[in-house]
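Each chain, written out:
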Amino acid sequence: MNLRPLHDRVIIKRLDNETKTASGIVIPENAAEKPDQGEVLAVGPGKRDEQGKHIAVDVKVGDKVLFGKYAGQTVKVDGDELLVMREEDIMAVVQK
């Protein structure tokens, strides 16, 4: 990937959404909601505070994260749909 996020921005690829419910009902593509989980593909260096000190980003490449339904900006790169969002839009890191 040729994207290098700036400041505290993060590049995320949404995880594939479920096509079946727990009871086995198949959900059609147009009725499925966009998943609110993704994998971090790239991380910016962080932002600076008022004194110019560097504040590092808490997430790292490979982390699975939770974010809001409408968080981030969708972009297409090499045919993949990716999200660009600020670190503050990420709600949690999913522990394995």
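Model, not experiment: these values are computed from the prediction.

1. Focus: the pattern of salt bridges
As a working rule, side chains carrying opposite charge can pair if their charged atoms are close by.
Next up, step 1: One pass over the structure, following the stated rule, counts three salt bridges.
Next up, step 2: Residues aspartate 8 and arginine 86 are paired through a salt bridge, measuring 2.7 Å at the closest nitrogen-oxygen approach. Of this pair, aspartate 8 sits in the segment before strand E1 (9-14) while arginine 86 is found in strand E7 (residues 80-86), placing the two residues 78 residues apart along the sequence.
Next up, step 3: For lysine 60, the salt bridge identified is with aspartate 63, shortest N-O distance 3.3 Å.
Next up, step 4: The exposure class assigned to lysine 60 is exposed, which follows from its relative accessible area of 53%.

2. Concerning unusual backbone geometry
Next up, step 1: Its identity as a non-glycine residue notwithstanding, histidine 7 has a phi of 55°, on the positive side.
Next up, step 2: Assignment of secondary structure puts histidine 7 in the segment before E1.
Next up, step 3: When its relative accessible area of 45% is taken as the criterion, histidine 7 is described as partly exposed.
Next up, step 4: Although it is not a glycine, aspartate 78 adopts a positive phi angle of roughly 50°.

3. Details of the side chain of glutamate 87
Next up, step 1: Residue position: glutamate 87 is located in the loop between E7 and strand E8 (90-94).
Next up, step 2: Buried and unpaired, glutamate 87 has no salt bridge, with lysine 47 as the nearest side chain of opposite charge at 6.8 Å.
Next up, step 3: In terms of polar contacts, glutamate 87 uses its side chain to reach the backbone amide nitrogen of aspartate 58, at 2.6 Å.
Next up, step 4: When sequence neighbours within four positions are dropped, the list of residues in contact with glutamate 87 reads Asp8, Val10, Val57, Asp58 and Val59.

Analysis parameters
Residues numbered from 1 in each chain as written. Predicted model: local features only at pLDDT ≥ 70, side-chain atom pairs only at ≥ 80, totals over all residues. Heavy atoms only, no water. Salt bridge = Lys/Arg side-chain N within 4 Å of Asp/Glu carboxyl O. Helix = DSSP H or I, 4+ residues; strand = E, 2+ residues; numbered from the N terminus. Buried < 20%, exposed > 50% of the residue type's maximum accessible area, 1.4 Å probe, protein only. Lys, Arg positive; Asp, Glu negative; His and termini not counted. Polar contact = N/O pair within 3.5 Å; in protein donor to acceptor, adjacent residues only side chain to side chain. Contact = heavy atoms within 4.5 Å.

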